[in-house]
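# Analysis of the macromolecular model
One letter stands for each residue in the lines below.
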Amino acid sequence: MKLPLSPSALKVAESRYLLREKNGHVCETSEMMMSRVAQAVAKAELHFGNIAQQEIWRKKFEDILFKLDFLPNSPTLMNAGTPRGQLSACFVLPIEDSLNSIFDTLKLTAMVQQSGGGTGFSFSKLRPKGEQVSALAGTASGPVSFMKIFDCTTENIKQGGKRRGANMGILRVDHPDILEFIHAKKEGGFTNFNLSIAVTDDFMKAVETHGDFELINPFTRESVQVLKAQEIFLEIVHGAWSTGDPGLIFIDAIERANPTPKVGAIEATNPCGEVPLLPFEACNLGSINLSHMVSHTSRPDILWEKLQKTVETAMRFLDNVIEINAFPDEKITEQVKGNRKVGLGVMGFHELLIQLNVPYSSEKAVFIAEQLMKFIHETAQQTSQNLALERGVFPNWDKSQYALVNKKLRNATCTSIAPTGTISILAGTSPSIEPIFALALSRKQVLGGQTLEEINPLFLKYAKTHRIPKEVMAKLTQDGTLKEIDEIGKSTKELFATALEISPRQHLRIQKSFQTYCDNAVSKTINLPNSFSKEEIAQLYLEAWRLGLKGITVFRYGCKPTQVMEFGIGADSHCFPRDCLI
């Protein structure tokens, strides 16, 4: 079977996923990669069944991979069936208030990132800058100074030898060094960190009421300063307006959804925020390609039966990944196998809507989002229950919230919405639940400094069917959107509206719809036009908290000197099929 890969997907596969010989030459095709992954993951069946069962599931895994109906996270594609064997993308590692803990974690971070994983940390337990450590050792340098060491380490390690490392740095909003943390990226530091503030309900209520807020020394547990909550909040907003960082994670909402509170409290998330994890925990992710779940009839509809079967196969795939995963530390192995968390999510949501003739900005899109995720979540949990009957519940089940209602699951979490930045290119669809960023798009400085240029294939198909004139298509390639093209009708513009044309509140409503039926969290960027004000960002943050989201990230277009995605492609681009021009 031949994989239906676009030119950009072929470049991604060669750069990121295909195996190489010692001299650097690629030694497998994309088809060989998918077979390698399916065969490796199916070997877990031998832990519970026989060779015949292994072969049955190898064929099923191969089928959904070759059709690009489902793809696992990048480390699984990179490492399954290889000596390295580390298959998880998401890790949270603990940092306690001691040099031994800090540097033990630094070493483990290097090992995780070398194997292809990303790392999240809470620096909230570190005593504040200037705090006396002991009579001989002097004063503490604070969380931000130690983050620089982690950032430098990541700078010198490529994840899995194929991509740069990624970190999430988190600090509680009540830490005395919170203002320094907020401004850390503004001053040009931390090229390998996403930053998020762990904000509490009490803090957000104090923001609403313009109240005071105490900063607490995490070492002594004493109040060291009282500030206006609004003062801290507006500094956070200014940072996000200026650089896109920091984001917010709503730590109380996250802890309320913690499935195993008796095992430990959640302090941090993975680098993109979609998986809140316990210390030493990792999670295996995979995403269903929703653009393949639409019937192509006179009245297109969602293929619910196909979606159900894909979810069932994908959940078994992800549980198998845990069985064969080779983690870099025994503590990680113990924590992962104790909870067996997986995160099944989606990509291609906007392209599904387009095929259904439903604008992303519509009320119907919000309804479909919730309907879809409810179906996926319920099917995933039912599959996990079936796996529990076949293989047993996760070992920490008796310490979980599920034990209170006697709901027997194989996995402490089943669902998560990851950003799917790279695997969505491989699958040839729109990323995650995001609206299409641009119909003609340039990805700058990716895959070792390359520029990838793309035109949305659904719009190309539309343009050919509707015989859109070449002058109009030429303007699209320059602008990247239909917004200013007078020759295009209103309904078409609405259907193909891109990220910055959709209201920020609609972005939030879509995120809320998916979060309602998601065990973990949702990684979503609220794309904002350059003209968006700080006051408007402040209102978005408050609304996200009131909606019960677990986090929010915003990005104002053009707020950085350089950014990965830009509107339009070059005039001499070869990604444009000339036969679609009239």
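A brief look at the structure comes next. (Residues numbered from 1 in each chain as written. Predicted model: local features only at pLDDT ≥ 70, side-chain atom pairs only at ≥ 80, totals over all residues. Heavy atoms only, no water.)

## Here we look at the side chain of Arg 556
Convention followed: Strands are runs of DSSP state E lasting at least two residues, helices are runs of H or I lasting at least four, and both sets are numbered from the N terminus onward. Think of it in three bands: with a 1.4 Å probe and only protein chains considered, a residue is buried below 20% of the maximum accessible area for its type, exposed above 50%, and partly exposed in between. This count recognises Lys and Arg as positive and Asp and Glu as negative, with His and chain-terminal groups excluded. We count a salt bridge whenever a side-chain nitrogen from Lys or Arg sits within 4 Å of a carboxyl oxygen from Asp or Glu. N or O atoms closer than or at 3.5 Å make up a polar contact, with two conditions inside protein: a donor-capable atom paired with an acceptor-capable one, and, for residues adjacent in sequence, both atoms drawn from side chains. Here a residue-residue contact requires only that any non-hydrogen atoms of the pair lie within 4.5 Å.
Tracing the backbone through its elements, the reader meets Arg 556 in strand E20 (residues 551-556). No salt bridge is formed by the buried Arg 556; the nearest opposite charge belongs to Glu 536, separated by 9.1 Å. In terms of polar contacts, Arg 556 uses its side chain to reach the backbone carbonyl oxygen of Trp 241, at 3.0 Å. Polar contacts involving the side chain of Arg 556 include one to the main-chain carbonyl oxygen of Asn 530, which spans 3.0 Å. With sequence-adjacent residues up to four places away left out, Arg 556 is seen in contact with Trp 241, Leu 528, Pro 529, Asn 530 and Phe 532.

## Thoughts on a negative patch on the surface
Defined as follows: Residues enter patches when their relative accessible area tops 30% and they take part in no salt bridge; the joining distance is 9 Å for like charges and 5 Å for the nonpolar side chains Val, Leu, Ile, Met, Phe, Trp and Tyr. The method behind every accessible area is Shrake-Rupley, applied with a 1.4 Å probe, and residues are considered shielded solely by the protein chains displayed. Where a charge sits is defined by one atom per residue type, namely NZ (Lys), CZ (Arg), CG (Asp) or CD (Glu).
Together, Glu 471, Glu 484, Asp 486 and Glu 487 make up a negatively charged patch on the protein surface. By the secondary structure assignment, Asp 486 is in the loop between helix H18 (470-479) and helix H19 (490-495).

## Re the packing of aromatic side chains
We apply this condition: In this analysis, rings of Phe, Tyr and Trp, with Trp reduced to its six-membered ring, are considered paired at centre separations within 6.5 Å, and the interplanar angle assigns stacked below 30 degrees, edge-to-face beyond 60, and tilted for intermediate values. Geometrically, a lysine NZ or arginine CZ counts as sitting over a ring once it is within 6 Å of the ring centre and also within 35 degrees of the ring normal.
Applying the stated criterion across every chain yields a total of 22 aromatic pairs. Residues Phe 121 and Phe 123 carry aromatic rings whose centres are separated by 5.8 Å and whose planes lie at 55 degrees to one another, so their mutual orientation is tilted. Each member of the aromatic cluster is reached from another via a ring pair, and the members are Phe 121, Phe 123, Phe 150, Phe 190 and Phe 193. In this arrangement the basic side chain of Lys 60 is found over the ring face of Trp 57, its NZ or CZ atom lying 4.4 Å from the centre.

## Details of unusual backbone geometry
Residues Asp 245 and Pro 246 are joined by a peptide bond in cis, for which omega reads 0 degrees. Tracing the sequence through the fold places Pro 246 in the loop between helix H9 (229-243) and strand E12 (247-250). For Leu 68, which is not glycine, the phi dihedral falls at a positive 60 degrees. Locating Leu 68 in the fold gives a position in the loop between helix H3 (51-66) and strand E1 (70-72). For Ser 432, which is not glycine, the phi torsion reads 50 degrees and is therefore positive. For Ser 432, the location among the structural elements is in the loop between helix H16 (423-427) and strand E17 (440-446).

## What about the pairing of E20?
Rules: Pairing between strands requires that DSSP locate at least two bridges from one strand to the other.
Of all six residues making up E20, five are buried, and the element is well covered by its neighbours. Note: E12 against E20, two bridges, orientation antiparallel. Counterpart to Ile 249 in the pairing with E20 is Gly 551. Both strand E19 (residues 525-528) and E20 contribute to a ladder of four bridges, which runs parallel. By the bridge assignment for E20, Thr 525 is matched with Thr 553.

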